[in-house]
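The residues making up each chain are set out below.
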Amino acid sequence: MIDLNIVLQEVDNIATSEQLSDFFEKYLSKRWMIAELYKEMKAMSPDEKKTFGQEIQRLSQTVQEAFSKKQEDIKKQQWDKQLMHDLVDVSILPTSTPQGYSNLLVRARRHVEDVFHAMGYAIECGHHMVTVEENFESVNIPATHPATEMHDTLYIDHHDTQWRNYLMRTHTSAHQVALIKKHGTPCKFVVPWKVYRNEKMDASHDCVFWQVEWVVIDRGLSIAHFKAEMDNILEAILENESIESRLRPWYFPFVEPWFEIDAKYTFKNKDKWLEILGAWMIHPAVLKQAWLDPHERSGFAFGLWLTRLVAIKYWIDDVRLLTNADLRFLQSF
Ligand code: DAH
């Protein structure tokens, strides 16, 4: 007969679930009980068999109870261990991972692209480095024009003379002719991108700034078409901001007639007018450069100074802040 104390001691020593199943296999599976009973009962009288059977029953019940209790204990221990392992300390302050986000100028450019895209315009970007002919001659700026002088333009200085004919585009108008040729007529496209100037930098001038070139070419375009389309565009770009504006005659070699729009900009209680766009009907000389007959085709265009528009919309009193890396400023938008 099995010694109950030894068996209970064995239960007590169980520490893992593997040991639990070993113990179950050894003492509690039916196979063991039947084998034991057979072995011991063979030589017994019927009465002895009866009491022995009862004894076995009691024994196996006691062992079963001790085993079940141990099973519970081990389960609980495993849970505790798991909980300690998965512990979340809710009192710890969360560490914030800095998220990158787009600069105001990039967001403004995307907004402009969305506006024009929805109106059926092609969005172009052109090369940042262009030839002297593209930047000036193609848009009716003769080589003698003051804008071609060094104080405005960043020329490429290269030992290979072929590259000396290149410069950093000073305006997105540099792409007008090539893009009209590319799209054919009628066409409408915009070039919302960066331009470069050899500027003396101040609060309203930076040497890199963003422009939006807007071009429409078709037969019989009039000033009425121009005005209606421009009003729609400006309303969508300005997003109903009540920005006060004024229209002024101005001269650009690539449009005729021409004008400029200034927007009122109030900062620190001081009013200032800033030019935000130049525009009007594309000059016949430019249409001819694009292989179009000015009697047959007409076009209008504007060049919008996006950097200034952003400054006005967000009340930024120095455009250089938009492109320097002062996170205190950039993160405030
Ligand atoms: N390209 C001119 C500049 O940067 C801006 C401009 C004026 C563009 C009139 C135009 C326009 O398309 O019609 O100063």
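First, a word on what this report is: a plain description of the structure on this page. These numbers were taken from a predicted model, which means no experiment stands behind them.

## Quick notes on the overall build of the protein
Across its full length, the protein holds eleven helices and nine strands. A compact globule built from 333 residues should have a C-alpha radius of gyration of about 20 Å, whereas the protein, at 43 Å, is more than 25% larger. In terms of its C-alpha atoms, the protein occupies a principal-axis envelope of roughly 130 × 50 × 50 Å. For the protein, the proportion of contacts with a sequence separation of at least 24, taken over those separated by at least 6, is 67%. Seen as two clouds, the 38 positive and the 48 negative side-chain charges of the protein have centres 2 Å apart.

## What to know about the site of the ligand
Surveying the vicinity of the ligand reveals 16 residues, the closest of which are His171, Ser173, Arg197, Gln211 and Glu213. Within the side chain of glutamine 176, an N or O atom sits 3.4 Å from an oxygen atom of the ligand. In isolation the ligand exposes 350 Å². Once the protein is present, 95% of that is buried. Listed by contribution, the elements that provide at least two residues to the shell around the ligand are strand S5 (208-218), strand S8 (270-282) and strand S9 (298-305). When the residues that make up the shell around the ligand are grouped by side-chain class, the tally is eight nonpolar, six polar and two charged.

## Describing the side chain of serine 173
Counting through the fold element by element, serine 173 comes out in the loop between strand S3 (166-168) and helix H7 (176-183). Not counting chain neighbours up to four residues away, the residues in contact with serine 173 comprise Val139, Glu213 and Phe254.

## Description of the layout of surface pockets
Of the pockets and cavities examined, the largest pocket occupies roughly 830 Å³. The wall of the largest pocket is formed by 36 residues, among which Arg197, Trp250, Phe252, Glu260 and Trp305 lie closest to the centre. At the level of elements, S5, strand S7 (255-267), S8, S9 and helix H10 (306-313) are the ones that each hand at least two residues to the lining of the largest pocket. Residue classes in the lining of the largest pocket are distributed as 16 nonpolar, twelve polar and eight charged.

Conventions and cut-offs
- Residues numbered from 1 in each chain as written.
- Predicted model: local features only at pLDDT ≥ 70, side-chain atom pairs only at ≥ 80, totals over all residues.
- Heavy atoms only, no water.
- Helix = DSSP H or I, 4+ residues; strand = E, 2+ residues; numbered from the N terminus.
- Rg over C-alpha atoms; globule rule 2.2 N^0.38 Å.
- Contact = heavy atoms within 4.5 Å.
- Lys, Arg positive; Asp, Glu negative; His and termini not counted.
- Charge placed at Lys NZ, Arg CZ, Asp CG, Glu CD.
- Near = heavy atom within 4 Å.
- Polar contact = N/O pair within 3.5 Å; in protein donor to acceptor, adjacent residues only side chain to side chain.
- Areas by Shrake-Rupley, 256 points an atom, 1.4 Å probe, with all protein chains shown as cover.
- Nonpolar A, V, L, I, M, F, W, Y, C, P; charged D, E, K, R; others polar.
- 1 Å grid on protein atoms, 1.4 Å probe; cavity = no way out; pocket = protein on both sides within 12 Å on 5 of 7 lines; lining within 4 Å.
- Points joined across faces, edges and corners; volume = space filled by probe spheres on them.

Just distances and angles here, no functional claims.
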